[in-house]
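# Architecture and fold: a report
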4 protein chains.
Amino acid sequence: MVSASNSGPVRLGMVGGGQGAFIGAVHRIAARLDGDYQLVAGALSSDAKRSLASGIELGLDPDRCYGSFKDMARSEAARADGIEAVSIVTPNHMHYPVAKAFLEAGIHVICDKPLTSTLDDAKKLAKLAKRSGSLFILTHNYTGYPMIRQARDMVARGRLGPIRLVHVEYVQDWLTEAEEDSGNKQAEWRTDPAQSGAGGCVGDIGTHAWNLATCVSGLETHSLAADLDSFVDGRRLDDNVHVMLRFKAKGDEKPAKGMLWSSQVAPGNENSLKLRIYGSKGGLEWQQEEPNRLWFTPFGKPKQLLTRGGASTGAAAARMTRVPPGHPEGYLEGFANIYAEAARAIRARRKAGGKIPADVLYPTVEDGLDGMRFIDACVRSSEKNAAWVKL
Amino acid sequence: MVSASNSGPVRLGMVGGGQGAFIGAVHRIAARLDGDYQLVAGALSSDAKRSLASGIELGLDPDRCYGSFKDMARSEAARADGIEAVSIVTPNHMHYPVAKAFLEAGIHVICDKPLTSTLDDAKKLAKLAKRSGSLFILTHNYTGYPMIRQARDMVARGRLGPIRLVHVEYVQDWLTEAEEDSGNKQAEWRTDPAQSGAGGCVGDIGTHAWNLATCVSGLETHSLAADLDSFVDGRRLDDNVHVMLRFKAKGDEKPAKGMLWSSQVAPGNENSLKLRIYGSKGGLEWQQEEPNRLWFTPFGKPKQLLTRGGASTGAAAARMTRVPPGHPEGYLEGFANIYAEAARAIRARRKAGGKIPADVLYPTVEDGLDGMRFIDACVRSSEKNAAWVKL
Amino acid sequence: MVSASNSGPVRLGMVGGGQGAFIGAVHRIAARLDGDYQLVAGALSSDAKRSLASGIELGLDPDRCYGSFKDMARSEAARADGIEAVSIVTPNHMHYPVAKAFLEAGIHVICDKPLTSTLDDAKKLAKLAKRSGSLFILTHNYTGYPMIRQARDMVARGRLGPIRLVHVEYVQDWLTEAEEDSGNKQAEWRTDPAQSGAGGCVGDIGTHAWNLATCVSGLETHSLAADLDSFVDGRRLDDNVHVMLRFKAKGDEKPAKGMLWSSQVAPGNENSLKLRIYGSKGGLEWQQEEPNRLWFTPFGKPKQLLTRGGASTGAAAARMTRVPPGHPEGYLEGFANIYAEAARAIRARRKAGGKIPADVLYPTVEDGLDGMRFIDACVRSSEKNAAWVKL
Amino acid sequence: MVSASNSGPVRLGMVGGGQGAFIGAVHRIAARLDGDYQLVAGALSSDAKRSLASGIELGLDPDRCYGSFKDMARSEAARADGIEAVSIVTPNHMHYPVAKAFLEAGIHVICDKPLTSTLDDAKKLAKLAKRSGSLFILTHNYTGYPMIRQARDMVARGRLGPIRLVHVEYVQDWLTEAEEDSGNKQAEWRTDPAQSGAGGCVGDIGTHAWNLATCVSGLETHSLAADLDSFVDGRRLDDNVHVMLRFKAKGDEKPAKGMLWSSQVAPGNENSLKLRIYGSKGGLEWQQEEPNRLWFTPFGKPKQLLTRGGASTGAAAARMTRVPPGHPEGYLEGFANIYAEAARAIRARRKAGGKIPADVLYPTVEDGLDGMRFIDACVRSSEKNAAWVKL
């Protein structure tokens, strides 16, 4: 059962996520679901008026609806009841300056992915976060799904034997046509290099796929060959990504290989994130659109369908689950699990020298930096006719 | 998008749902999800100490942790900042006295199903609720799933033609063995006639199935023949239910027929609630374990897979959805939708003469009374060798 | 592997199945698939000209294309190279007279289901078949699927524990509208009491469902309550069938219960034959449209997906399979398995006193008589307002 | 309906496929299914005794059971009732000499894939076949599935718009361990370069995947980058294949891209051949293990499930189907469709100047040569660190 320890909710602020935004609302639900947070401040828009209107709609004290994230960091740090953590839900290019401001103000950061819009920013941010005493949580939310925790645990325990193959894909269809020309804000900034960075589809969802694959497999990527395309006329960033992966060897084992496909132009696919991992003793297959199920395929035995909360599903998943098997949990619960883990860490840090429980698991700034290296490698490879490049 | 109107959260109390309970925690998450409620009081256990401990754990003011629901009704009604609504999450036999106390105190009631443990109590409660000025919301939560709203809307618009067939089942396996003898509290009270009433499986989940079928089909049940069994030795209530259904005719149409199966002893089934409805022009098929999908089968055309938020899914579902298609919503979101609808109604009533928006839809005390009639008819029929009885 | 013993193919004749027929072509493929039969004679139509034309098209010797089944039985019995077996693929009402003629001529009979069009004919035929020295094979073809053999074997070995529940359905949509008025010959005779008998849908596909359920479960039906309907205006036979079943107790066990649904008016269903069986230790789930898969659900363990030819699938299925797992076998292969079993029996009987191998399994005339009792009971029950009747 | 034209069955011989072989039995069933062929001669083994024993078991005239394929070609060509066509079902390295012998004898050839074991042989064979007056049919059997015909037809009619993406995979698990060391003949020759050629998995099943993708998409491959591995110690040929594909542009369209994965070491996969094709207007998704279903995903509309024989499935599929929708056809029927098409062509050629019907479609020697170029390109690319190579 997801913890409901109640040593008082975490006081939370938010940057971005005002009226009309998408991911901000998701973060708010995730923060609210288990009662672990209380949203008390926001710079919900860079437009002060809109920030205020958005904040009031959310029940914030108007005094804590800021027109600028810098004001917010400064003011909140100065208050006795100031926020303990901030959620950053802006377009990618703002992640770095905003995170910097709050880290420097001694406030924990919960940041949407990808980490930044450039590898350079990412490196600086990682260094900064490391130096700061604050926590940095990156919301690669799919790692919060209970059956992903189950899969990771099974791989780690050697249930599959040495891993040979990793196949991951994240496929959508919403950019099949030139949606960015239709007034859709989400499509606009996600296809704009100035706001998104050098990667389009690869940054938006390719990183999710890659992060999930490495999180579950425990493998490090050695090198990759990537073929990026923009199928829609006039689109400035990639909307389809083909990648071949080579992982680093573990001990004497032959190094594992993999493929990654990520697309936003494949009609009929909504958020089709699928992961398949095979070792010498068995395999695992999971898909995000049916997240409560995990296929386990031990070699030479019948396939087994493991379910969240069901038989043979272990503690790693159980800790992340709220309702009995057969009552599906979904995207918001998985997202909330990242927030729940973050809350455990933040609360542990309330006491000086407080120690974060050993089983707390969330994506860190280092994972975010790795993700930026992945994006960068894909873009570099593709520019060199999909040659092999190291990460 | 689920409404986030913020004319201040509804002040909520809870009766039942203390430490070790299951459904209470679900109600709390459902209430919290959209920020529409604030839990401020509770009689979380009939044991005063446990009630207090449970309340403190949930962050309640100790003064508002009551040892008795009667004290709570009285005290909260007297406070200026008293609760506006109470959630009742006790075993079935307590629904009636608790609901009565709060209705009489002028407090809205959100009550778990089935309505009561006896048909007699149900009739009295329905009368009482009608007379009172307060709202009564019954958490037949499965009706909150967006694709159930979609299905209901399609039937109502005649997309299937006149309905001929309704097939519904709700199948579990958790009582395959004598779980009630193992110390499982849930199993104990659910198999105890004194706490559950005359129906076991039929009351616990059969009513959900029947409620869902009638909600979507818009049909009234004329009569039924039910064959109830207890397959586990020593079990005092039914654990398997077979029902044949006859519905009332609509206009000149031949009356529709149906079958209902509900079981708690079918290994491999977690919460396998499935609904299939067929008319002369097409059919619909839905299952709770994949709630974001709805099959539409127009006669003579290919089957179509409608998805929550996807193409051809209309306003009735859209109003109940939070995240884009392909990001699954689950049980808690469906449950929260009942709470969200209730909040809209409760807020509308804050103003004297306030009118509830026309599109608000939740199960009412009348639906609950109908459900009790269904349970009663099943038990009566089964006692008469599964003869046909009217509802 | 399906046997390919080659002591010479069985010389086969066919009655019915001329140009424009459906099931005759299926029988011919089934007979041909393993090379166990050679079709050498036919009374393919009661119209002598059409019989001849159909026979020539199939490569028959014109001398052995008969205008009447009686001539055929007489002439073939008199030939040294006369047929050893006849396939009867006429409408139901002709099964009895044709089978009678061939049994009396000492020729083995392979007959389509249901056995006859009346219970009375069925009783006479069963008696006749028993007295005759000839074999009688009824093509309840679904029992030929390998995974059905697997399921039957698992039940028999007690893998599910004592059986409690049997749920079976066979659902189609092709008679959703008045297809019989459109010139479709299949629809015409299947909805005509004179040709089909007293059961429409119940005789056509309900018997298949019931036969499959009893074949796999090994249970005998004690009594049933059936609600039959004709939803299409002017239709003379039922097109939808709801049945509650009570089985005979085995030893001290509580008797099993079941439900059967069969329909030809449920849009979106092609040949949706599904069987689910649950005992105290586990369950099995199978559907005809994905016949190579069988779910095994041991209580308290993960669901397992058994596949034809795959791990944990045993000898009973293996004997009925031709190609490796993952290469699907279908309807024709399942049908051919009945023919293959029949060929083993027929060849065994070529020698005087030849003994049929112990593992040969096919539906017999007794199974056919039971099926007619099932149809009769359904019709009787429905006429008495779906009262319980014994079989 | 599959044609049953009966201008007399094609007289067929077979080389390879004696006792203990796998694919020979499949070819025989495929030839037998529709009654279009009669097997009358064989060189079923290179061991004369075994050839004779195998032939007798199959009911062949002992005089036509040959110990050498050369004798067979010579003798059969000399007989008035000699074979019209030969099926070649030997290991790959024998395809060329055997096909050569029969083509030169004026006998049509039906040959298993891949075409040969070397690209050089393939070129010579293609030239030879072209020069000869005989037909050459390559059994890329998956192209015989009705819903593959449907898919191909939909692409050709522009239902998907210009194609952008092709994803295909053929994944097995039977070589997860060193099966070739266990005495399994199939595993032995398929992992032996001398018998299989330079490609292991890529030749055995990768070619099937690639052939299917190009057959349906109508695209020509421009270049590819392939990463081949042998994960099992001591294995001499690849057992896993990752490929990125670039297709040739059609007109002004951006060229399509693709990925191909083929593996024999992915536990839990039996014959998991999957094809997904996406254009600017819609997509198609199909998998071999459920071959009667085809997903059609028009952009911005609900997904549709097309079924063999069902609504919206057209003539291209209908011509290849034997039984109604919902009665599954499988691998053998798909294979038989190639034989049925071949029979139509062979019969057309019986008359001097006979013209093959325009709609006859089967894989040709040119397709086989293309397949060898694909294998060769994959091996070349992999040897150059998965660099891009042209086909």
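Residues numbered from 1 in each chain as written. Chains lettered and ligands numbered in written order. Predicted model: local features only at pLDDT ≥ 70, side-chain atom pairs only at ≥ 80, totals over all residues. Heavy atoms only, no water.

The next thing to look at is the UniProt feature "domain: Gfo/Idh/MocA-like oxidoreductase N-terminal" (unreviewed entry) in chain A. Look at the UniProt record and you will see "domain: Gfo/Idh/MocA-like oxidoreductase N-terminal" (unreviewed entry) annotated at residues 11-138 of chain A. Helix makes up 41% of residues 11-138 of chain A and strand 18%, with an end-to-end C-alpha separation of 18 Å. (UniProt positions renumbered as here; feature names shortened; annotations may be inferred. Helix = DSSP H or I, 4+ residues; strand = E, 2+ residues; numbered from the N terminus.)

A word on the pattern of salt bridges. In this structure the tally under the stated criterion is 142 salt bridges over all chains. Between Lys100 of chain D and Glu104 of chain D there is a salt bridge whose closest N-O contact spans 3.3 Å. Note that Lys100 of chain D and Glu104 of chain D are positioned in helix α4 (residues 95-104) at a spacing of 4 residues, about one turn of the helix. Residue Glu104 of chain D is classed as exposed on the basis of its relative accessible area of 52%. If you follow the salt bridges from partner to partner, you end up with Glu289, Glu290 and Arg293 of chain A together with Glu289, Glu290 and Arg293 of chain B in one network. (Salt bridge = Lys/Arg side-chain N within 4 Å of Asp/Glu carboxyl O. Buried < 20%, exposed > 50% of the residue type's maximum accessible area, 1.4 Å probe, protein only.)

Residues and elements named next belong to chain B. This structure, assessed with the given rule, holds 0 disulfides over all chains. With no disulfide of its own, Cys378 has Cys201 as its nearest cysteine by sulfur position, at a separation of 10 Å. Residue Cys378 is classed as buried on the basis of its relative accessible area of 0%. (Disulfide = S-S within 2.5 Å.)

Turning to its location among the elements, Thr297 of chain A is positioned in strand β12 (residues 293-298). Thr297 of chain A gets classed as buried once you look at its relative accessible area, which sits at 1%. At 2.8 Å, the side chain of Thr297 of chain A and the backbone oxygen of Pro267 of chain D are in polar contact. Those residues in contact with Thr297 of chain A, other than ones at most four positions away along the chain, are Gly282, Gly283, Leu284 and Lys303 of chain A together with Pro267 and Gly268 of chain D. (Polar contact = N/O pair within 3.5 Å; in protein donor to acceptor, adjacent residues only side chain to side chain. Contact = heavy atoms within 4.5 Å.)

Residue and element names in this part refer to chain B. Both faces of strand β4 (residues 108-111) are covered, namely the face carrying His108 and Ile110 and the face carrying Val109 and Cys111. In terms of strand pairing, strand β3 (residues 85-88) meets β4 through 4 bridges, oriented parallel. From the neighbouring strand, Ile88 faces β4, where its bridge partner is Cys111. For the handedness criterion, the β-α-β arrangement of β3, helix α4 (residues 95-104) and β4 is classed as right-handed. Taken together, the 3 bridges between β4 and strand β5 (residues 136-138) define a ladder with parallel strand orientation. Residue pairing across strands places Cys111 opposite Leu138, the latter belonging to β5. On the question of chirality, the crossover connecting β4 to the parallel β5 by way of helix α5 (residues 119-131) is right-handed. (Pairing = 2+ DSSP bridges. Right-handed = clockwise from strand over helix to strand, strands pointing away.)

Moving on to the interface of chain D and chain A. Counting from both sides, the interface comprises 46 residues of chain D and, opposite them, 46 residues of chain A. For the pair chain D and chain A, the two sides together bury roughly 3900 Å², of which 56% comes from carbon and sulfur. The interface formed by chain D and chain A holds 10 salt bridges in total. Residues Glu169 of chain D and Arg276 of chain A are paired through a salt bridge, measuring 2.6 Å at the closest nitrogen-oxygen approach. In this assembly, chain D and chain A are joined by 24 residue pairs in polar contact (both at pLDDT 80 or more). Elements with a contribution of two residues or more to the side of chain D that touches chain A: β6 (163-171), β7 (221-229), β8 (240-247), β9 (257-263), β10 (272-279) and β11 (282-287) of chain D. Among the residues forming the side of chain D that touches chain A, the class breakdown is 17 nonpolar, 15 polar and 14 charged. (Buried area = accessible area lost by both parts, 1.4 Å probe. Nonpolar A, V, L, I, M, F, W, Y, C, P; charged D, E, K, R; others polar.)

Another point: the relation of the copies chain C and chain A. For the match of chain C to chain A, the screw axis carries a shift of 0.0 Å, the RMSD comes to 0.0 Å, and the turn is 180°. Such values leave the two copies arranged in the relation of a two-fold axis. Considering only C-alpha atoms, the residue of chain C closest to the rotation axis is Gln304 of chain C, which sits at 2.3 Å. A high fraction, 100%, of the interface residues of chain C reappear at the interface in chain A, so the copies pair face to face through one surface. (Least-squares fit on C-alpha atoms with pLDDT ≥ 70 in both.)

All right, on to the sheet that holds strand β5 (residues 136-138) of chain A then. Residue and element names in this part refer to chain A. On the basis of which strands lie adjacent, the open sheet formed by 5 strands has the order β2-β1-β3-β4-β5 and parallel pairing. Two strands lie at the open edges of the sheet, namely β2 (37-43) and β5, each paired on one side alone. Taking the axes of each pair of neighbouring strands and ignoring which way they run, one obtains an average angle of 25° across the sheet. Its contacts with the sheet put helix α3 (residues 69-78) on β1 (10-15), β2 and β3 (85-88), and the angle it makes with β2 is roughly 130°. (Axes fitted to C-alpha atoms, helices over the stretch in contact; angles between N-to-C directions.)

What follows covers the UniProt feature "domain: GFO/IDH/MocA-like oxidoreductase" (unreviewed entry) in chain A. Residues annotated by UniProt as "domain: GFO/IDH/MocA-like oxidoreductase" (unreviewed entry) correspond here to residues 148-285 of chain A. Helix makes up 26% of residues 148-285 of chain A and strand 33%. Its end C-alpha atoms lie 10 Å apart.

Moving on, we get to the domain arrangement of chain A. Residues and elements named next belong to chain A. You can read the domains of chain A as domain 1 (10-142 + 336-360) and domain 2 (146-323 + 370-390). Summarising the inter-unit geometry, the C-alpha centres of domain 1 and domain 2 are found 26 Å apart. Listed as interface residues are 26 residues of domain 1 and, on the opposing side, 27 residues of domain 2. Counting the surface lost from both domain 1 and domain 2, the interface buries some 2100 Å², and carbon and sulfur atoms represent 55% of this. (Domains from an automatic or database assignment.)

It is worth spelling out the relation of the copies chain D and chain A at this point. Superposition of chain D onto chain A requires a rotation of 180° combined with a translation of 0.0 Å along the rotation axis, giving an RMSD of 0.0 Å. Comparing contact sets, 100% of the residues at the interface of chain D also lie at the interface in chain A, consistent with an isologous, same-surface contact.

So, about the packing of aromatic side chains. Residues and elements named next belong to chain A. Scanning the model with the defined rule gives 34 aromatic pairs over all chains in all. Seen from their ring centres, Tyr331 and Phe335 are 5.8 Å apart, and the 65° between their planes marks the pair as edge-to-face. Of this pair, Tyr331 and Phe335 both sit in helix α11 (residues 331-348), separated by 4 residues, roughly a single helical turn. Three or more aromatic residues joined by ring pairs make a cluster, and in this case those are Tyr142, Tyr145, Tyr170, Trp286, Tyr331 and Phe335. The positively charged end of Arg246 is found above the aromatic ring belonging to Trp388, 3.6 Å away from the centroid. (Phe/Tyr/Trp six-rings, centres within 6.5 Å; stacked < 30°, edge-to-face > 60°. Lys NZ or Arg CZ within 6 Å of the ring centre and 35° of its normal.)

Quick look at the sheet that holds strand β1 (residues 10-15) of chain B now. Residue and element names in this part refer to chain B. The strand order β2-β1-β3-β4-β5 describes an open sheet built from 5 strands, whose pairing is parallel. Of all the strands in the sheet, the pair left with one neighbour each is β2 (37-43) and β5. Adjacent strand axes in the sheet meet at a mean angle of 25°, parallel and antiparallel pairs treated alike. Each of β1, β2 and β3 is contacted by helix α3 (residues 69-78), which is oriented at about 130° to β2, the strand it contacts most.

Residues and elements named next belong to chain C. Looking at chain direction, strand β11 (residues 282-287) and strand β12 (residues 293-298) are connected through 4 bridges and run antiparallel. By the bridge assignment for β12, Glu285 is matched with Trp295. One ladder, built from 4 bridges, connects β12 with strand β13 (residues 303-307); its direction is antiparallel. Residue pairing for β13: Arg293 is matched across the bridge by Thr307. Between β12 and β13, which pair antiparallel one after the other, the connecting turn spans 4 residues, and Gly300 there sits at a positive phi close to 80°.

Contact with chain C, which involves 10 residues of that partner, is made by 10 residues of chain A. Between chain C and chain A lies a buried interface of about 740 Å² when both sides are counted; carbon and sulfur atoms form 72% of it. When the buried surface of chain C facing chain A is broken down by residue, Pro302, Leu305 and Ala311 of chain C rank first, second and third, together holding 55% of it. Our count for the contact surface shared by chain C and chain A stands at 2 residue pairs in polar contact (both at pLDDT 80 or more). With 4 residues, β13 of chain C is the single largest residue contributor to the side of chain C that touches chain A. Of the residues in the side of chain C that touches chain A, the class split is 5 nonpolar, 3 polar and 2 charged. Pairing of strand β13 (residues 303-307) of chain A with β13 of chain C involves 3 bridges; the strand directions are antiparallel. Within the sheet, the bridge partner assigned to Leu305 of chain A lies in β13 of chain C and is Lys303 of chain C.

An α-helical turn contains 3.6 residues, so any two residues separated by three or four positions project in the same direction. By the criterion of burial, helix α6 (residues 146-156) of chain A is predominantly enclosed, with 8 of the 11 residues buried. Looking one or two residues past α6 of chain A, Gly158 of chain A carries a phi angle of roughly 80°, positive in sign.

What follows covers helix α11 (residues 331-348) of chain C. Helix length check: α11 of chain C (18 residues) gives 26 Å between terminal C-alpha atoms against 26 Å at 1.5 Å per residue, within 8%. The element α11 of chain C is largely enclosed, with a buried count of 17 among its 18 residues. (Expected span 1.5 Å × (residues − 1).)

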